[in-house]
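# Reading the structure
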Amino acid sequence: MTTPQWTLTGHIARTLHNAPVGAVDLDRASRGIVIAAQPGGAEDHLLGLDLRADCRLAEHWIRGGDVTAVYEPGDARHLRATAMWRLAPSTPGASDGRVAVWELVVSAQTSLLESDPTLAVVSDVAATDVRRLAANGLIVRRGDGSSALVVVHPDDLRTISFEQAGGRATICCRLFSAAIEKGVLLRSRVLAAIGPTANDTAWATAVAADFAASPPILTT
């Protein structure tokens with residue numbers, strides 16, 4: 001039996017056995033995993049799901065390391081989107097810390113003969129510097145001795161971009177560039193990690209390589 005790694009109170013899911021602790025308000029998918037603020041700082045948001053419209057939380061559940069929510073955006077696209085936030089095993093980082101890793105698996109389908117499935121995964125974090133990691137990732141130095149990594153699985157990349165202002169960076173990963181037909185299920189994966197700034201290029205490269213080599217998700 002898989003050991004639970006989330007608790008669920010109402011529609012708020014919180015991680016267990018992970019540092020830093022994150023929480024997901026399933027009624028506010030765009031906020032993603034909320035990381036508590038450091039003293040004097042603002043909270044960070046990792047792997048929020050932007051559905052481009054107000055949406056209804058249709059179903060939700062926790063299983064092992066995954067918290068899954070099904071959303072029905074209230075627009076003319078008639079999409080049904082599933083978000084599965086999951087904890088990945090902690091990865092050895094530099095000698096002064098470890099790397100906490102989260103993943104968001106997003107899937108979409110439609111009841112129309114054809115629809116526009118475009119979605120985005122958005123993260124908003126404290127930032128003093130943002131650097132590219134290959135074509136599909138960004139490393140954000142947060143100014144407190146830690147860095148954040150956001151990377152799209154290379155098989156799923158459409159675009160990844162960022163805006164930096166006021167000591168913050170907003171990272172947008174756009175998914176699903178082609179039209180979707182009825183009966184088709186689209187799925188993409190985005191990963192976020194937080195670890196020490198020291199040696200961050202090395203651990204970020206290792207985490208991204210492991211992510212790229214991971215097998216595809218076959219079921220929700």
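Residues numbered from 1 in each chain as written. Predicted model: local features only at pLDDT ≥ 70, side-chain atom pairs only at ≥ 80, totals over all residues. Heavy atoms only, no water.

It is worth spelling out the overall build of the protein at this point. When its secondary structure is counted, the protein shows 1 helix and 18 strands. A total of 220 residues make up the protein; the buried ones form 47% of that total. Long-range pairs, those at least 24 residues apart, make up 57% of the contacts in the protein between residues at least 6 apart in sequence. Looking at the protein as shown, the accessible area adds up to about 10100 Å², and 52% of this sits on carbon and sulfur atoms. (Helix = DSSP H or I, 4+ residues; strand = E, 2+ residues; numbered from the N terminus. Buried < 20%, exposed > 50% of the residue type's maximum accessible area, 1.4 Å probe, protein only. Contact = heavy atoms within 4.5 Å. Areas by Shrake-Rupley, 256 points an atom, 1.4 Å probe, with all protein chains shown as cover.)

Once that is clear, we can look at the pattern of salt bridges. Applying the stated criterion to the full structure yields 14 salt bridges. We note a salt bridge from Arg31 to Glu43, for which the minimum N-O separation is 3.0 Å. In this pair, Arg31 is assigned in the loop between strand S3 (22–25) and strand S4 (33–35) and Glu43 in the loop between S4 and strand S5 (44–50), connecting sequence segments 12 residues apart. With relative accessibility at 24%, the residue Arg31 sits in the partly exposed group. (Salt bridge = Lys/Arg side-chain N within 4 Å of Asp/Glu carboxyl O.)

In this section: the sheet that holds strand S2 (residues 12–15). Read across the sheet, 8 strands follow the order S1-S2-S3-S4-S5-S11-S16-S15 without closing on themselves; strand pairing throughout is antiparallel. The open sheet has two edge strands, strand S1 (6–9) and strand S15 (159–165), and neither has a second partner. Looking at each pair of strands side by side, their axes are set apart by 20° on average, direction ignored. Pairing analysis gives 8 bridges linking strand S11 (residues 119–126) to strand S16 (residues 168–175), with the strands arranged antiparallel. The residue of S16 that forms the bridge with Ala126 is Arg168. (Pairing = 2+ DSSP bridges. Axes fitted to C-alpha atoms, helices over the stretch in contact; angles between N-to-C directions.)

Along a regular strand, successive side chains alternate from one face of the sheet to the other. Along S2, the buried face is formed by Ala13 and Thr15; none of Ile12 and Arg14, which line the opposite face, is buried. As defined by bridge partners, S1 adjoins S2 across 4 bridges and the pair is classed as antiparallel. Across the sheet, Leu8 pairs through a bridge with Ala13, a residue of S2. Taking the residues that link successive antiparallel strands as the turn, the S1-S2 hairpin has 2 residues, and the phi of Gly10 there is positive, at about 65°.

The next thing to look at is the side chain of Ser188. When you line up the elements, Ser188 lands in strand S18 (residues 186–196). Apart from residues no more than four positions distant in its own chain, Ser188 is found in contact with Leu104, Val105, Val106, Asp156, Leu175 and Phe176.

So, about helix H1 (residues 200–213). Between the first and last C-alpha of H1 there are 20 Å, a value that for 14 residues agrees with the 20 Å anticipated at 1.5 Å per step. Of all the positions in H1, only Asp200, Trp203, Ala204, Val207, Ala208 and Phe211 are classed as buried. Buried residues in H1, looked at end-on, bunch into an arc of 130°, giving them a common side. With respect to the buried face of H1, the exposed residues turned more than 90 degrees away are Asp210 and Ala213. (Expected span 1.5 Å × (residues − 1). Arc of directions from axis to C-beta.)

Bridging between S15 and S16 involves 7 bridges; their strand directions are antiparallel. Directly across from Ser161, in S16, lies its bridge partner Cys172. Where S15 folds back onto S16 in an antiparallel hairpin, the turn is made up of 2 residues, including Gly166, whose phi is positive at roughly 60°.

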